[in-house]
Amino acid sequence: MSKCFICKSESIKVILDLGESPVANNLEMNLGQSLEAKKYPLKLSKCDSCNHIQIGNIVNQEEIFSDYFYMPSVSKTLTNHLQEISSEINDKFKFDNDSFVVDIGSNDGTFLNSVKPYTNNILGIDPAKNLSDIANKKGIKTINNFFSNSLSKEIKDKYGEADFIVSTNTFAHTPEVKEFAEGLETLISDQGIIIIEIHYLGSMINDNSFDTIYHEHFSYWSLKNLDELFKDHDLEIFDAKILPVHHGQLRIYLSKNGNYKVKNSFKELLKNEIEEDLIEKKLIRFCNEVKKIKVDILNLFKEVSDSKKIIYGYGAPAKASTLINFIGSENLISVYDKSKLKQGKYIPGTSLEIKDPVEIINDNPDYIFLFAWNFAEEIIKELKENYNYKGKIIIPIPELKVIEIS
Ligand code: DWN
């Protein structure tokens, strides 16, 4: 029986069932392994007592994160975004040259690399062995482990309290939300600042981005539930903003209670979320919209195959696994992705090999289906300038549309 990650209530209801899906980022090495990929129920559930939205079926975190193929450094948009975080911290809160900065879910060290001009007193934490090795080789000291309160105590004993803790796209990736919050409370200094970025429930609902539902996304956070959770751990959100990056990220700024005046930007966002009635009214609309999107995409695929045209996918994001396993992959030939970690592997559960985008020149697809729709601008620019692509781009989310590059 699954329990709410926050209040531990067992009164959890499934609100959206996306069928069976493999672990999204567990790209397979060959066709045989891909077609045999283990699939798990992929459902979205809601806690009746605190309204927390969480994955309906827990897959072991070791299976998901020990060897991980997502790297922000593949995208200029994301690399710039992480760079902006460190320059914003310096503008708003000022790094000292010995400020101790910890990145939880540090991946390949892209964010901490951007902190180096301000301080070398940096530490990454990431459970993926392959990514921790890449970061350590780049000289970004990284502990290969999951974040926990006990690890926080070890870090505090060895290196002292953190002046800044940054965690992007990680806090939603664990069911142990209280343990994570305790770890933050343990490690952060009395005047320290924590910045957490996660995909925002409000953006998912408003943008119909149901493809961001996959097993590594354990929680789909509302600002209200974040506020209540951290208040139980002597941590206060004093600022918050929604960012366009990825698929609508929420950034929250926290410190020990009372350190910073709570900003109107946070109060306004919280008020809108509650007044917009995100959880009840909009969530029901969202679940109905998902079914419509599936029908619309399948109708488009039928039109394309009736006209004997060919479609390739672009981008092998985790989102692609959810979308493909929900709508089927028989209409697609294969998928392009710039990430060298992903090329030559297969989207799990399909026969779609991931190819270097340079092959677009030979393949010359009539249509390109943008699985990495959140980077449409950067990718379309690349298709035009690097591959002189002419054809039609299918952008599935937030609404299905086809644009022509002539
Ligand atoms: O929370 C998460 C989000 C933030 O990032 C993680 N759970 C995993 C990951 O999700 P994702 O895999 O959907 O992330 P992306 O960054 O949307 O994936 C984009 C994919 O597209 C990457 O594999 C890189 C690729 N890409 C490309 O081939 N050419 C990206 C760009 C910008 C390009 O020009």
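As the structure is a computational prediction, the values presented were derived from the model and not from experiment. (Residues numbered from 1 in each chain as written. Predicted model: local features only at pLDDT ≥ 70, side-chain atom pairs only at ≥ 80, totals over all residues. Heavy atoms only, no water.)

The strands making up a sheet associate through hydrogen bonds between their backbones, and the pairing can be parallel or antiparallel. The strand order E6-E5-E4-E7-E8-E11-E10 describes an open sheet built from 7 strands, whose pairing is mixed. In this open sheet, the two strands that pair with only one neighbour each are strand E6 (142-144) and strand E10 (235-243). Each strand axis lies, on average, 15° off the axis of its neighbour in the sheet, ignoring direction. As paired elements, strand E4 (residues 101-104) and strand E5 (residues 122-126) share 4 bridges and run parallel to each other. Bridge pairing in E5 places aspartate 103 opposite glycine 124. (Pairing = 2+ DSSP bridges. Helix = DSSP H or I, 4+ residues; strand = E, 2+ residues; numbered from the N terminus. Axes fitted to C-alpha atoms, helices over the stretch in contact; angles between N-to-C directions.)

Our next topic: unusual backbone geometry. For the peptide bond that leads from isoleucine 397 to proline 398, omega is 10°, which places it in the cis range. By the element assignment, proline 398 lies in the loop between strand E16 (391-395) and strand E17 (401-405). Even without being glycine, lysine 8 reaches a positive phi, approximately 65°. For lysine 8, the position within the fold is in the segment before strand E1 (12-21). Under the relative-accessibility criterion, lysine 8 is labelled partly exposed at 42%. Positive phi is not limited to glycine here, since lysine 308 has a value of about 55°. (Buried < 20%, exposed > 50% of the residue type's maximum accessible area, 1.4 Å probe, protein only.)

Inspection of the region around the ligand gives 25 residues, with Glu216, Ala318, Asp337, Lys338 and Lys342 positioned closest. At 3.2 Å, a side-chain N or O of tyrosine 214 approaches an oxygen atom of the ligand. Histidine 217 is positioned such that a nitrogen or oxygen atom in its side chain is 3.0 Å from an oxygen atom of the ligand. Here the ligand has 710 Å² of accessible area as a free molecule, and 98% of this is covered by the chains. Contributions of two or more residues to the shell around the ligand are made by helix H12 (318-327) and helix H14 (376-387). Each of domain 1 (12-281) and domain 2 (304-404) contributes no fewer than three residues to the shell around the ligand. (Near = heavy atom within 4 Å. Polar contact = N/O pair within 3.5 Å; in protein donor to acceptor, adjacent residues only side chain to side chain. Areas by Shrake-Rupley, 256 points an atom, 1.4 Å probe, with all protein chains shown as cover. Domains from an automatic or database assignment.)

With that settled, the discussion passes to the pattern of salt bridges. Scanning the model with the defined rule gives 19 salt bridges in all. One salt bridge in this structure joins lysine 92 and glutamate 88, with 3.8 Å as the shortest N-O distance. Taken together, the positions of lysine 92 and glutamate 88, both in helix H3 (residues 76-93) and 4 residues apart, correspond to about one turn of that helix. Among the ionic contacts, a cluster of salt bridges with common partners joins Glu88, Lys92, Glu197, Asp239, Lys241 and Arg251. (Salt bridge = Lys/Arg side-chain N within 4 Å of Asp/Glu carboxyl O.)

To continue, consider the environment of isoleucine 6. If you trace the backbone, isoleucine 6 turns up in the segment before E1. Relative accessible area serves as the criterion here: at 12%, isoleucine 6 is assigned to the buried category. A C-alpha to C-alpha distance of 30 Å links isoleucine 6 and serine 86, two positions 80 residues apart in sequence. When neighbours within four sequence positions are excluded, isoleucine 6 is seen to be in contact with Cys50, His52, Val177, Lys178, Trp221, Asn225 and Leu229. (Contact = heavy atoms within 4.5 Å.)

Our focus in this paragraph is the packing of helix H11 (residues 278-306) against H12. Contact pair H11 / H12: the axes reach a minimum separation of 10 Å and the direction vectors enclose 75°. Considering the angle they form, H11 stands roughly perpendicular to H12. Across the interface between the two elements, Val290, Lys294, Ile297, Leu298 and Phe301 from H11 touch Leu323, Phe326 and Ile327 from H12. Split into classes, the residues belonging to the contact of H11 with H12 amount to 7 nonpolar, no polar and 1 charged. (Parallel < 35°, antiparallel > 145°, perpendicular 65-115°, else oblique. Nonpolar A, V, L, I, M, F, W, Y, C, P; charged D, E, K, R; others polar.)

The sheet built from 4 strands is open, its strands ordered E1-E2-E3-E9 with antiparallel pairing. Taken across any chain shown, the strands that pair with only one partner, and hence form the sheet edges, are E1 and strand E9 (219-220). The pairing of strand E3 (residues 53-55) with E9 spans 2 bridges and is classified as antiparallel. Its bridge partner being in E9, isoleucine 53 is matched across the sheet by tyrosine 220. Most of the contacts of H11 go to E1, to which it runs at about 20°, and overall it touches E1, strand E2 (40-47) and E3. Packing against the sheet, H12 makes contact with E1 and E2, and its axis sits at approximately 80° to E1.

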